[in-house]
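Read off the chains here:
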Amino acid sequence: MTTVIEFDRVSKSFPRVTGQQLLRTHIVRWFGSGGRQGEFFALKNVSFRLHEGESLAVVGRNGAGKSTLLGLAAGVATPKTGRVTRRGRVGALLELGSGFHPDLTGIENLVLNAALLGLSRKQTMERLDRVIEYSGVGEFINEPLRTYSSGMMMRLAFSIAIQSDPEILIIDEILGVGDAGFQEKCRQTLDSLIRSGKSLLFVSHSAPQVRGMCKRAIWLDHGAIMVDGNASEVLEAYEGRAVLKQSS
Amino acid sequence: MWNGEYTFVLRNLIEKDFKVRYRNMSLGIFWSLLNPLIMMAVLTFVFTQIFSNSSGANYPISVLCALVPLSFFQIAWATGTNSLQDNAALIKKVPVPRQIFPIASVLSNCLHLVIQIALLLGSVLVFGRGLNIYWLWLPVIWGLEIVFVLGLSLVFSALNVYVRDIRYVVEASNTVLFWLVPVFYSFSLIPLRYREVYQFNPVAAVVLMLRNILLEGRPPLAHTLTLLVLVSFSMLGMGWIVFGRLARGFYEHL
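None of the values given here were measured: they were computed from a predicted structure.

Student: How should I be thinking about the overall build of chain B in this particular structure?
Tutor: Across its full length, chain B holds 12 helices and 0 strands. In sequence order, the secondary structure elements of chain B are arranged as α-α-α-α-α-α-α-α-α-α-α-α. The C-alpha atoms of chain B give 19 Å as radius of gyration, which agrees with the globular expectation for 254 residues (18 Å, within 12%). In terms of its C-alpha atoms, chain B occupies a principal-axis envelope of roughly 60 × 45 × 35 Å. Looking at chain B as a whole, 40% of its 254 residues are labelled buried. Contacts in chain B between residues at least 24 apart in sequence constitute 81% of all its contacts with a sequence separation of at least 6.

Rendered as structure tokens:
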């Protein structure tokens, strides 16, 4: 099987910012005498592989490093040590509607978003009708975005993201989009993408969703991989731990 | 990683800036004309009526020759510096090349520049010397100014991610620049020993060459032009390199 994403002993840290970044702080740090302010490791020595056609879920508590992991996989962040390699066109849905502007109309936002997601002008124009149709926002498409309900806005954002036709799909907890009807539509679209051989890496807090969509899962805790394996076993381990913690 | 179309993204970001800025304004694009005209009127009044030491009927146009490149420089540098902060949400979520943001923000100011250039050239045609062959140099000179601002914005936008005071440094420098660029005085008033230093200031060099061409009907000095080419392109090169280095840490610091 071909590997599409590989994490090779990846660590990622964030500078710990305590208090104000005064000029004094910078000078002290530049001259090195005051020592480092300390770092916070969001990911520690993480290694795994995502294979072609595989769907992999990442589970874990808030602050476990899940979003950082997806950020690295998508290429918006760079690892501190280790290496992340990708093969294939990545579609990263880390947040729906990043870059949407309230004063632009639905259609203007769609085109801008498509460009940012990496679609060419030609591809965008070809897909525009399909995306509008899929979103189901109807004649609102020519109204400024600030007149949309939050559900409608999310539908629009999801529609363009899913139609950008990626080979590797990276999704961060955004499948609770819209009403029940639209959620079902999203799920079907994702299912058919997976069946057509696309790879999926996603974060979810919904156990049924993970079971329904993935065979494999990773449980991340405090930046380290606890278990990597069969989705239902990983979920069992993760949920068992969570229950133990609550009762103790 | 990201294999979209650079020109398509750039065009869309510029269009967005433009639509967002003007959609809810009743005077819209006329502000681009109004601003320099008001400044020109005020400066002309002060320096011909109160300090009556200026020379000739060309004074308003001479002021305009400086105001147009200066105000473009100030606005483009300031918005370019803030561009990464303004797009922080996008930078953390979409793997689009980061250089796009300062570049788009500088280029979206070029529309005002074009309108203001039209105002300047129109005034020269109606009230000044009119057309001459050296006008052919004008696109080159404006182009070099844009190249310089692009380089500067790349450096400062990246620095501003790490040290947020940078934007205030830029604002203060812009205020100082109004006095250090010969806006309301002419080059001949600058003492000789400072004149060489002035030529290293790209905005002052642009003003000098514009006045040469538009007011005096002379070609730009080869020496000044060469210097501007060197300074502008090394700024762009440096900006690109510095930005590339600093971009690795944007995710953690934004």
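Student: I would appreciate a short explanation of the overall build of chain A in the present structure.
Tutor: Along chain A, the regular secondary structure elements total 8 helices and 9 strands. Taken over 248 residues, chain A has a buried fraction of 40%. A fraction of 75% describes how many contacts in chain A between residues 6 or more apart in sequence connect residues 24 or more apart.

Student: Help me understand the sheet that holds strand β1 (residues 3-15) of chain A in this model?
Tutor: The pairing of strands in a sheet comes from backbone hydrogen bonds and takes either a parallel or an antiparallel form. Residues and elements named next belong to chain A. Spatial strand order, β2-β1-β4: 3 strands in an open sheet with antiparallel pairing. On the outer flanks of this sheet lie β2 (39-51) and β4 (81-86), each paired with one strand and no other. Taken over all neighbouring pairs, the strand axes of this sheet differ in orientation by 20 degrees on average, direction set aside. Here β1 runs beside β4; their pairing, made up of 5 bridges, is antiparallel. Across the sheet, Ser11 pairs through a bridge with Thr81, a residue of β4.

Student: It is not clear to me how the interface of chain B and chain A should be interpreted in this structure. Could you clarify?
Tutor: As a measure of interface size, the accessible area lost when the parts come together is often cited. Taken together, the contact pairs 24 residues of chain B with 30 residues of chain A. Listed by contribution, the elements that provide at least two residues to the side of chain B that touches chain A are α1 (6-22), α4 (88-93) and α12 (250-253) of chain B. No other element matches the 6 residues that α1 of chain B contributes to the side of chain B that touches chain A. Here the residues of the side of chain B that touches chain A are counted per class, giving 12 nonpolar, 4 polar and 8 charged.

Student: I tried to follow the pairing of strand β6 (residues 168-172) of chain A on my own but got confused; where do I start?
Tutor: Both faces of the sheet carry side chains from a regular strand, because those side chains alternate between them. Residue and element names in this part refer to chain A. Across the 5 residues that make up β6, a large majority, 5, are buried. Here β6 shows two buried faces, one formed by Ile168, Ile170 and Asp172 and the other by Leu169 and Ile171. Where strand β5 (residues 90-93) meets β6, 4 bridges bridge the pair, whose relative direction is parallel. Directly across from Ala92, in β6, lies its bridge partner Ile170.

Student: I would appreciate a short explanation of the nonpolar core in the present structure.
Tutor: Within soluble globular proteins, side chains that are nonpolar tend to cluster in buried spots. Formed by 130 residues in total, the largest nonpolar core has its most connected members in Ala57, Val59, Ile170, Leu201 and Ala217 of chain A together with Cys65 and Val207 of chain B. Beyond its immediate chain neighbours, meaning those up to four positions away, Val207 of chain B contacts Cys65, Ala66, Pro69, Val181 and Pro182 of chain B.

Student: Help me understand the sheet that holds strand β7 (residues 199-203) of chain A in this model?
Tutor: Residue and element names in this part refer to chain A. Judged by pairing direction, the sheet is mixed, and its 6 strands sit side by side in the order β5-β6-β7-β3-β8-β9 without closing on themselves. Sheet topology places β5 and β9 (224-230) at the edges, where each strand pairs with a single neighbour. Between one strand axis and the next, the sheet turns through 15 degrees on average, direction left out of account. The sheet contact formed by β6 and β7 spans 5 bridges and is parallel. Of the residues in β7, the one forming a bridge with Asp172 is Val203.

Student: Looking at this model, I keep getting lost on unusual backbone geometry. Mind explaining?
Tutor: The phi torsion of most residues other than glycine is negative, and most of the peptide bonds are trans. Residues and elements named next belong to chain A. Backbone geometry at Arg9 places phi at a positive 45 degrees, although glycine is not the residue there. With a phi close to 50 degrees, Asn45 is a non-glycine residue in the positive phi region. Checked against the element boundaries, Asn45 lands in strand β2. Residue classification places Asn45 among the partly exposed residues on the basis of 15 C-beta atoms within 10 Å.

Student: Looking at this structure, how should I read the environment of Tyr238 of chain A?
Tutor: Residues and elements named next belong to chain A. Residue placement: Tyr238 occurs in helix α8 (residues 231-247). Considered as a pair, Tyr238 and Ala180 are 58 residues apart in the sequence and their alpha carbons are 27 Å apart. Not counting chain neighbours up to four residues away, the residues in contact with Tyr238 comprise Val59 and Trp219.

Student: Explain the packing of helix α3 (residues 59-86) of chain B against helix α7 (residues 138-162) of chain B here, please?
Tutor: The relative placement of two packed helices is expressed as an angle between their axes plus a distance between the axes. All names here are of chain B. The interhelical angle for the contact between α3 and α7, taken along N-to-C directions, is 35 degrees, at an axis separation of 7 Å. At the point where α3 passes α7, the crossing takes the right-handed sense. Between α3, through Pro69, Phe73, Ala76, Trp77, Gly80, Thr81, Asn82, Ser83, Leu84 and Gln85, and α7, the contact on the second element is made entirely by Glu145, Val149, Leu152, Ser153, Phe156, Ser157, Asn160 and Val161. Of the residues assigned to the contact of α3 with α7, the class counts are 9 nonpolar, 8 polar and 1 charged.

Student: What's the story with helix α10 (residues 202-214) of chain B in this structure? I'm lost.
Tutor: For an α-helix, the turn length of 3.6 residues means that residues three or four places apart are oriented alike. Taking 1.5 Å of rise per residue, the 13 residues of α10 of chain B would be expected to cover 18 Å, and the 18 Å separating its terminal C-alpha atoms lies within 8% of that figure. Counting buried positions over the 13 residues of α10 of chain B gives 13, a clear majority of the element.

Student: I would appreciate a short explanation of the packing of α7 of chain B against helix α11 (residues 222-247) of chain B in the present structure.
Tutor: All names here are of chain B. Following both chains from N to C, one finds α7 and α11 inclined at 25 degrees, their axes separated by 7 Å at the closest point. Judged by the inter-axis angle, α7 sits roughly parallel to α11. The hand of the α7/α11 crossing is left-handed. Of the residues assigned to the contact of α7 with α11, the class counts are 20 nonpolar, 3 polar and no charged.

Student: Which parts of the structure should I look at to understand α7 of chain B?
Tutor: Between the first and last C-alpha of α7 of chain B there are 37 Å, a value that for 25 residues agrees with the 36 Å anticipated at 1.5 Å per step. Burial analysis of α7 of chain B places 18 of its 25 residues in the buried class, which makes it a mostly covered element.

What counts and what doesn't
Residues numbered from 1 in each chain as written. Chains lettered and ligands numbered in written order. Predicted model: local features only at pLDDT ≥ 70, side-chain atom pairs only at ≥ 80, totals over all residues. Helix = DSSP H or I, 4+ residues; strand = E, 2+ residues; numbered from the N terminus. Rg over C-alpha atoms; globule rule 2.2 N^0.38 Å. Buried ≥ 20, exposed ≤ 12 C-beta atoms within 10 Å, placed from the backbone. Contact = placed C-beta atoms within 7 Å. Pairing = 2+ DSSP bridges. Axes fitted to C-alpha atoms, helices over the stretch in contact; angles between N-to-C directions. Nonpolar A, V, L, I, M, F, W, Y, C, P; charged D, E, K, R; others polar. Core = buried A, V, L, I, M, F, W, Y, C linked by C-beta atoms within 7 Å. Left-handed = near helix turned anticlockwise from the far one by under 90°. Expected span 1.5 Å × (residues − 1). Parallel < 35°, antiparallel > 145°, perpendicular 65-115°, else oblique.

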